[in-house]
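Examining the three-dimensional arrangement
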Amino acid sequence: MTAEPKVAKSPAMIEARGVEKWYPNGFHALRGVDLTVQRGEVVVIMGPSGSGKSTFIRTFNALEEFQKGSITVDGIALNDDLRKIDAIRREVGMVFQQFNLFPHLSVLDNLTLAPVLVRKRSKGEVLNQAMALLERVGIAEQAHKFPGQLSGGQQQRVAIARSLCMEPRILLFDEPTSSLDPEMVREVLEVMQGLAADGMTMVVVTHEVGFARQVADRVVLMADGQVVEEATPERFFDHPQHERSRQFLSQIL
Amino acid sequence: MGPKPRLTPASLRKELFATPLDGLVTVLLVTGLAAAGSRLLHWALAQADWAVIQANSTLFAVGRYPIEQQWRLWLLVALLAAAAGLSWGVLRSRPLPDRPITALWPGNDRLATGILVLLASWAPAALGLTLSIQSRWWALTGLLVLVRWLAGRYGSRLGKTATLALPLVWPLLYLVGMVLIGGGLGLVTVGANEWGGLLLTLVEASFAILLSAPLGVLLALGRRSSLPLLRWGSIVYIEFIRGAPLITLLFLGQNILGFLLPGGMAPDRIWRAAWILTFFSAAYLAEAVRSGLAAVPRGQLEAARSLGLSLPQALAQVVLPQALRIALPATVGQFISLLQDTTLLSLIGLLDLLGTARSVMANPLFLGKSSEVYLTLAVLFWCCCAALGLGSRALERRLNPPSLGR
Ligand SMILES: Nc1ncnc2c1ncn2[C@@H]1O[C@H](COP(=O)(O)OP(=O)(O)O)[C@@H](O)[C@H]1O
Ligand SMILES: [Mg+2]
């Protein structure tokens, strides 16, 4: 593929500076947000509903536009250049709260669609990789079923495998366990934990405190479109610095 | 849409005679229907004079198509029968996802085959066709049933690509059909003004169906586009067409196309009408497809785009397959009305099925035989529409992806 010039001064995977976003209806959703994510780092973003977490991480792969500030992903500046947006989307995987599997395709076809179409890889080679990934997330035996035949937890694991099949450098998770029944949350978190252990760079919006404590390198608290606090999990959960953080933690703990 | 309960005597009693009032309504309705039905049957078998149909059967079928060239039409009908059998059989060979067949009809396609065979063995004889023509119809029916059986038997061995390519048989057959009907490529030309009857009706309807389908999809996508010019253009077009009665558009089309294009450039009256039908139908299809598009969750496009698919790729691979499946019943409904709307062509002076019928009824020889003629037309249209409806329902059920808990 296109070899990106590795001249970027910062080795950071994601570098967001002063990002501001207004929705078309005039709502000021992001008010100058800064965030740096290093390679191999796992960053958990928390915050009350409506604080702009989804909006923020969706700017990383240009699902949302922003009006001010700058975002650099793996050395590529995110601007209006459509070809750069395509290049970034190939490197950034995203896992959604609602799974968003393609219901008309089998599990295996869900995984192979993008690598074959976008990366132009041969179907046979991708099939092998897809089976290996399904093995890794523990659902190889469901490969030929359709998404509608799987439980929520299984669907979310397929969604993770689908993202991995594109061999992304970063994975974004937007509340991956929020629409799962409690008994299925763990199977998904375990897969995510395994990814982190393998050195995947991850930005995870979640309210799973246990996961954040165990896996996160840093926790970021957002409120009203701004970053309120940024700290290691121990500091954040045990000694929150800001009133807003204490208030938030008292609600979820 | 839960599974329908099976019809049993007990469930029938519960459905039809739940309360005394229900029972009374049932009894009245059944007696009424039986009385009307037996009268119609009595009229059709004893009183009606079917000579008008027998004497004009060729006219109804193909209009004034030259006799010495009619073998081309027979060949086309044979190809059509083979293609229909192939599609039917392959559809049959696809597994039905989880849902059991509950409805007696039209769920059971053996019954449809039985009715077809019965009709085909009885109707040609009843119409008093010559023996050689009767036997041709029998052979054609046999061909259809044989291909259906073969395709049903071996269709599941077809690969995925072959199955996906199969629908392309129909546009291809249309092109072949147009050469066979109109001439060219070494065949003698038969001008469009010599086509008539069912032939003309089907040529017009299939032209409009095949072309309005892609046009409708493009209009629906245009209507949701973020480019203002494209969006407003689509909206204006769709709303203009849907606001005008088809008959005015047909008259307008005959005149305007004649004015706009210099002499000789304007297509023949028959093709002008076909284009108007196409443009008309496309606007309605666009609305059917739009409702399908609206039913696909936003997350589908977002997931596809976040995997790196371009917008055209995401639409073609992810959004449209789902939207079109949802829009299928409304789309086929539109095709069925389109087929029926072709009867308006008789009002602009074309000899389609209805136009031919009107010219026949104007003949003093057949005065007062309009009931026989109209009943025949109704049955012919009903057969065509029933085939479309059955096919679409069978397709729809097989396109439903399997899911939990059904
Ligand atoms: N398409 C939109 N148009 C206008 N406002 C929006 C839109 N999407 C989200 N918002 C608003 O932006 C704010 C942040 O939303 P979101 O990023 O989804 O929050 P979170 O993920 O933290 O719950 C909310 O107040 C929400 O109402
Ligand atoms: Mg959110």
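None of the values given here were measured: they were computed from a predicted structure.

1. Things to note about the overall build of chain A
For chain A, the count of helices and strands is 9 helices and 10 strands. Computed over the C-alpha atoms, the radius of gyration of chain A is 18 Å, within 12% of the 18 Å expected from 2.2 N^0.38 for a compact globule of 253 residues. Seen along its three principal axes, the alpha-carbon backbone of chain A occupies a region of about 55 × 45 × 35 Å. A total of 253 residues make up chain A; the buried ones form 57% of that total. Once local pairs closer than 6 in sequence are excluded, the contacts in chain A between residues at least 24 apart make up 65%. For chain A, the exposed area adds up to about 11,100 Å²; of that, 49% sits on carbon and sulfur atoms. On chain A, the mean spot of the 28 positive side-chain charges and the mean spot of the 32 negative ones are 4 Å from each other.

2. Concerning the interface of chain A and chain B
In this complex, chain A contributes 26 residues to the contact, which on the side of chain B involves 20 residues. Roughly 2,000 Å² is buried in total at the junction of chain A and chain B, and carbon and sulfur atoms are behind 61% of that figure. On the chain A side of the interface with chain B, the three residues burying the most area are Arg89, Phe102 and His104 of chain A, jointly 25% of the side's total. For the interface between chain A and chain B, the tally reads 1 salt bridge. Here Arg58 of chain A makes a salt bridge to Glu302 of chain B, at a shortest N to O gap of 2.7 Å. Our count for the contact surface shared by chain A and chain B stands at 5 residue pairs in polar contact (both at pLDDT 80 or more). Of all the secondary structure elements, the ones that give two or more residues to the side of chain A that touches chain B are strand E6 (92-95), helix H3 (107-118) and helix H5 (152-164) of chain A. Ranked by the residues each element gives to the side of chain A that touches chain B, the list is headed by H3 of chain A, at 5 residues. By residue class, the composition of the side of chain A that touches chain B is 14 nonpolar, 7 polar and 5 charged.

3. Describing the sheet that holds strand E8 (residues 201-205) of chain A
Residue and element names in this part refer to chain A. If you trace the 6 strands from one edge of the open sheet to the other, you get E6-E7-E8-E3-E9-E10, paired in mixed fashion. Bordering the open sheet on either side are E6 and strand E10 (226-231), each of which pairs with just one other strand. Strand-to-strand, the axes of this sheet are offset by a mean angle of 20°, without reference to chain direction. Bridging between E6 and strand E7 (residues 170-174) involves 4 bridges; their strand directions are parallel. Bridging across to E7, Gly93 finds its partner in Leu171. Contacting strand E3 (42-46), E7 and E8, helix H6 (residues 182-197) runs over the sheet at an angle of about 145° to E8.

4. Description of helix H9 (residues 169-182) of chain B
Residues and elements named next belong to chain B. With 14 residues, H9 should reach 20 Å at 1.5 Å per residue; the first-to-last C-alpha distance of 20 Å fits that figure. Taken together, the buried positions of H9 are Leu173, Tyr174, Gly177, Met178, Leu180, Ile181 and Gly182. Projected down its long axis, H9 shows its buried positions confined to an angular sector of 165°, all on one face. What points out from H9, more than 90 degrees from its buried face, is the exposed set Leu172 and Leu175. Check the buried side of H9 and you find it contacts helix H5 (70-93), helix H10 (197-223) and helix H13 (269-295).

5. Structural notes on the sheet that holds strand E4 (residues 68-73) of chain A
Residue and element names in this part refer to chain A. Across the sheet, 4 strands lie side by side as E2-E1-E4-E5; this open sheet has antiparallel pairing. On the outer flanks of this sheet lie strand E2 (28-37) and strand E5 (76-77), each paired with one strand and no other. Across 5 bridges, strand E1 (residues 14-22) lies against E4 in antiparallel orientation. Within E4, the residue paired with Ile14 across the bridge is Val73.

6. Concerning a nonpolar patch on the surface
Where nonpolar side chains cluster on the molecular surface, the patch consists of Leu21, Leu24, Val25, Leu28 and Leu29 of chain B and spans about 510 Å² of accessible area. Since its relative accessible area comes to 53%, Leu29 of chain B is described here as exposed.

7. Some thoughts on the site of ligand 1
Residues and elements named next belong to chain A. If you check the shell around ligand 1, you find Tyr23, Asn25, Phe27, Pro48, Ser49, Gly50, Ser51, Gly52, Lys53, Ser54 and Thr55 and nothing else. Separating an oxygen atom of ligand 1 from a backbone N or O atom of Gly50 is a distance of 2.7 Å. In this structure, an oxygen atom belonging to ligand 1 sits 2.4 Å away from a side-chain N or O atom of Thr55. In the complex, the protein chains occlude 63% of the 560 Å² of accessible area that ligand 1 would expose alone.

8. Some remarks on the packing of aromatic side chains
Considering all chains together, one arrives at 9 aromatic pairs over all chains under this definition. A ring pair is formed by Phe236 of chain A and Phe237 of chain A, whose centres lie 5.2 Å apart and whose planes are at 80°; its orientation type is edge-to-face. In this pair, the class of Phe236 of chain A matches that of Phe237 of chain A, namely buried. Ring centres of Trp195 of chain B and Trp271 of chain B lie 5.9 Å apart, and the angle between their planes is 85°; on these two criteria the pair is classed as edge-to-face. Residue Trp195 of chain B is found in the loop between H9 and H10, and its partner Trp271 of chain B is found in helix H13; the two are separated by 76 residues along the sequence. Residue class for Trp195 of chain B comes out buried when judged on its relative accessible area of 6%. Members of the aromatic cluster, connected to one another through ring pairs, are Tyr174, Trp195, Phe207, Trp271, Trp275 and Phe279 of chain B. When the ring centre of Trp74 of chain B is taken as reference, the NZ or CZ atom of Arg136 of chain B above it lies at 5.0 Å. Seen from the ring of Trp88 of chain B, Arg148 of chain B lies directly overhead, with NZ or CZ sitting 5.0 Å from the centre.

9. Things to note about the nonpolar core
Core analysis: the largest hydrophobic core is formed by 57 residues, its most contacted members being Ile45, Phe56 and Phe60 of chain A together with Leu309 of chain B. Sorting elements by how many residues they give to this core places helix H15 (residues 311-341) of chain B first, with 6 residues. Not counting residues within four places of it along the chain, the set of residues in contact with Phe60 of chain A comprises Ile14, Leu35, Ile71, Val73, Leu78, Ile88, Val92, Leu172 and Val203 of chain A. With 50 residues, the next largest nonpolar core counts Leu111, Leu171, Phe236 and Phe248 of chain A among its residues.

10. As for the pattern of salt bridges
All names here are of chain A. Here the structure, examined in full by the defined rule, presents 24 salt bridges over all chains. We note a salt bridge from Arg39 to Asp74, for which the minimum N-O separation is 3.1 Å. One end of the pair, Arg39, is in the loop between E2 and E3; the other, Asp74, is in the loop between E4 and E5, and 35 residues separate them in sequence. For Arg39, a relative accessible area of 43% translates into the label partly exposed. A salt bridge links Arg169 to Glu91, with the shortest nitrogen-to-oxygen separation between them at 3.3 Å.

Rules behind the numbers
Along each chain, residues carry numbers from 1 onward, in the same order as the chain's sequence is written. Written order decides the labels, with chains lettered from A and ligands numbered from 1. Where totals are concerned, whole chains, interfaces and linings use all residues; where local detail is concerned, this predicted model gives features only for residues with pLDDT of at least 70, and gives and counts side-chain atom pairs only at 80 or more. Only heavy atoms go into the side-chain values, all of them from the structure, while hydrogens and water stay out. Under the scheme used here, helices are H or I runs from DSSP no shorter than 4 residues and strands are E runs no shorter than 2 residues, and both carry numbers assigned from the N terminus. The quantity called the radius of gyration is restricted to C-alpha atoms. Its globule counterpart is 2.2 Å times the number of residues to the power 0.38. Here's how the labels work: a residue is buried when its accessible area is under 20% of the maximum for its type, exposed when over 50%, partly exposed in between, all with a 1.4 Å probe on protein chains only. Any two residues whose heavy atoms approach within 4.5 Å at even a single point are treated as in contact. Under the convention used here, a 1.4 Å probe and the Shrake-Rupley method define accessible areas, while residue burial counts only the protein chains that appear. Only four residue types enter the charge count: Lys and Arg as positive, Asp and Glu as negative, with His and the chain ends excluded. A charge is said to be at NZ when it belongs to Lys, at CZ for Arg, at CG for Asp and at CD for Glu. Computed with a 1.4 Å rolling probe, the buried area is the accessible surface lost when two parts are put together, summed over both parts. Put simply, a salt bridge is a Lys or Arg side-chain nitrogen that is within 4 Å of an Asp or Glu carboxyl oxygen. Pairs of N or O atoms within 3.5 Å make up the polar contacts considered here, provided that, within protein, one atom can donate a hydrogen while the other can accept it, and that residues adjacent in sequence are counted only when both atoms are side-chain atoms. Polar here means any residue outside two lists: the nonpolar Ala, Val, Leu, Ile, Met, Phe, Trp, Tyr, Cys and Pro, and the charged Asp, Glu, Lys and Arg; Gly therefore counts as polar. When DSSP locates at least two bridges between a pair of strands, those strands are taken to pair. Interaxial angle, 0 to 180 degrees, is taken between N-to-C directions of lines fitted to C-alpha atoms, where a helix line uses only the stretch in contact. Helix span is expected to be 1.5 Å times the residue number reduced by one. Directions are taken from the helix axis to each C-beta atom, and the arc is the one they span. Residues forming no salt bridge and having over 30% relative accessible area are the ones grouped into patches, like charges within 9 Å of each other and nonpolar side chains (Val, Leu, Ile, Met, Phe, Trp, Tyr) within 5 Å. We define proximity as follows: a residue is near a molecule or strand when any one of its heavy atoms falls within 4 Å of that partner. Stacked, edge-to-face and tilted are the three classes for Phe, Tyr and Trp ring pairs, Trp counted by its six-membered ring, which pair at centre distances within 6.5 Å; planes under 30 degrees apart are stacked, over 60 edge-to-face, the rest tilted. To sit over a ring, a charge needs its Lys NZ or Arg CZ within 6 Å of the ring centre and within 35 degrees of the ring normal. To qualify as a nonpolar core, a set must consist of buried Ala, Val, Leu, Ile, Met, Phe, Trp, Tyr and Cys residues joined through side-chain atoms within 4.5 Å.

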